[in-house]
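# Examination of the molecular architecture
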Amino acid sequence: MKRKASVDHGKSGGDSGHKKLKPLTAVNPFTFTGQTTSDLGKPRTPPVKTGKAFSDAIIRMRNGDSDESVRTKVAVNLQGATGNASVHKIGASFSVMTHSTTELTQGMMNSSAPSAYLSTPKAIKKTKDAQKNKDAEKKRQQKIVTNSVLPVNLSLERATLESRVIKQLSPVHEGDAPYDASAKVSAFPSLGLSTKATAKSSPLGGIAIGSFLEDVTAGRAVGMDHIGSAMRAKTMAAKWQMKLAGNEDAGKGFQSTMLSQFPQLGKGGLEVGKLKDTGISALKSHWKSGGTEFSKSDQLGHISNAHKEAYEAGLATFSHKFDQMTDPNFKGGTWWTSKKAKIDKIMAHHKSGDEKRQEKAQRQYQKLSATYLQRKMVRHGIKSD
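Here is a short report on the structure shown in this document. (Residues numbered from 1 in each chain as written. Predicted model: local features only at pLDDT ≥ 70, side-chain atom pairs only at ≥ 80, totals over all residues. Heavy atoms only, no water.)

### A closer look at the nonpolar core
Of all hydrophobic cores here, the largest spans 60 residues; its most connected members are F94, L150, V165, I209, F262 and L265. For this core, the element with the highest residue contribution is helix α5 (residues 227–245), accounting for 9 residues. The next biggest cluster of nonpolar side chains, apart from the first, holds 10 residues, and it includes F322, M325, L368 and Y372. (Core = buried A, V, L, I, M, F, W, Y, C linked by side-chain atoms within 4.5 Å. Buried < 20%, exposed > 50% of the residue type's maximum accessible area, 1.4 Å probe, protein only. Helix = DSSP H or I, 4+ residues; strand = E, 2+ residues; numbered from the N terminus.)

In structure tokens:
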């Protein structure tokens, strides 16, 4: 019987040429570098944006080009009843949210100050005493008046404060210095708020800040531009009209005017004009169903008219201040003072009696007024083109 030859696998000597294969092994290419303890406890928040950086970010959010949250912080210098002034800061963060059930996309805002356009105090508990019910309801309505971002009547002092906040959230016009929030003082007792209100509990700056929220909400929810600009235009037009008239008539009925012209500022269950329900969701549903009580044309017309009102009030303000600057004893602001020599030349041409020089005065006057108006609109975040 023949015996089979054995194969040497490297276990013993010999010259077979075969060696045992080593197993394949994986090598970990990574190392974990963790945080240091000094990193922990530090919140990560978006950078604070103001001026052009803020307004540009809001436009990107409005247009759907970005969902990145935007954070801002503004300041107002408030003088209390004692006469002491202090800077009060207001912070706000803006973001976008899509409701999972309705698929409504709108802007969201978290603010350090009350931000509801209309407050919602609890309904009164009715008793058998009709007069007590009436008195209680009157007090309830008063809470809606004093605690809302949109005041029933807009005072000149409140409009002025809102304009100071708007300037911090809008681009700086070419040649201007950034707005100094501490330079101008608002008298807190003159702002038309509840006697119990404090700086922290009051909706100061809410019209200004809220207008940028409405830019986002209207753009994302119904594809509407310039609603926030229109809100700023209405507010500033009222302010300039009040200053020119020397009374506050232009601010009367401010809340009802804003709600009737921009019903998206309302809320569910609030009836405004022919609309049985208001707020952006109600307005979207109204248009989607073909409702005509407040049409798309109505909305665009109110937006356009608000801007025209601001342009006209701005030009009237220019004419008034130009006339003041012709008085050698009058001292204007920085911008007007820088234009004093030009104003004197215009007036010299205008009074010369020479037709060509008078025509030149007219051209120069119109050019200066256009420069003034453009600066006014840019500083207050109002669309102008």
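### Observations concerning the environment of L275
Take L275: it is sitting in the loop between α6 (254–261) and α7 (280–288). The sequence separation of L275 and S260 amounts to 15 residues, and the corresponding C-alpha distance is 9.3 Å.

### A word on the sheet that holds strand β2 (residues 85–98)
Strand order in the open sheet formed by 4 strands is β3-β2-β1-β4, and the pairing between neighbours is mixed. The open sheet is flanked by β3 (105–111) and β4 (185–187), the only strands paired with a single partner. Each strand axis lies, on average, 40° off the axis of its neighbour in the sheet, ignoring direction. In terms of strand pairing, β2 meets β3 through 7 bridges, oriented antiparallel. The partner of M97 across the bridge, within β3, is Q106. Running at roughly 20° to β2, helix α1 (residues 51–62) makes contact with β1 (70–79) and β2 of the sheet. (Pairing = 2+ DSSP bridges. Axes fitted to C-alpha atoms, helices over the stretch in contact; angles between N-to-C directions. Contact = heavy atoms within 4.5 Å.)

### A closer look at the pairing of β1
Burial within β1 is extensive, with 7 of its 10 residues counted as buried. The pairing of β1 with β2 spans 10 bridges and is antiparallel. Pairing of V70 across the sheet is with F94, part of β2. Pairing of β1 with β4 involves 3 bridges; the strand directions are parallel. For N77, the partnering residue across the bridge sits in β4 and is V185.

### With respect to the pattern of salt bridges
Evaluation of the coordinates by the stated rule reveals 12 salt bridges. Residue R375 is joined to D176 by a salt bridge in which the shortest nitrogen-to-oxygen separation is 2.8 Å. Placement of the pair is R375 in helix α11 (residues 355–379) and D176 in the loop between α3 (156–169) and β4, with a sequence separation of 199 residues. We classify R375 as buried; its relative accessible area is 12%. The residue D385 makes a salt bridge to K383 at a minimum N-O spacing of 1.9 Å. With a relative accessible area of 83%, D385 lands in the exposed category. Overlapping salt bridges, with partners in common, bring together D176, R375 and R379 in one network. (Salt bridge = Lys/Arg side-chain N within 4 Å of Asp/Glu carboxyl O.)

### Some points on a positive patch on the surface
Where like charges cluster on the molecular surface, the positive patch consists of K342, K345, R357, K360, R363 and K367. Put simply, the parts of the chain that give the positive patch at least two residues each are α10 (340–350) and α11. Looking at which element gives the most residues to the positive patch, the answer is α11, with 4 residues. Considering the arrangement of structural elements, one finds R363 in helix α11. (Patch = residues over 30% accessible without salt bridge, like charges linked within 9 Å, V, L, I, M, F, W, Y side chains within 5 Å. Areas by Shrake-Rupley, 256 points an atom, 1.4 Å probe, with all protein chains shown as cover. Lys, Arg positive; Asp, Glu negative; His and termini not counted. Charge placed at Lys NZ, Arg CZ, Asp CG, Glu CD.)

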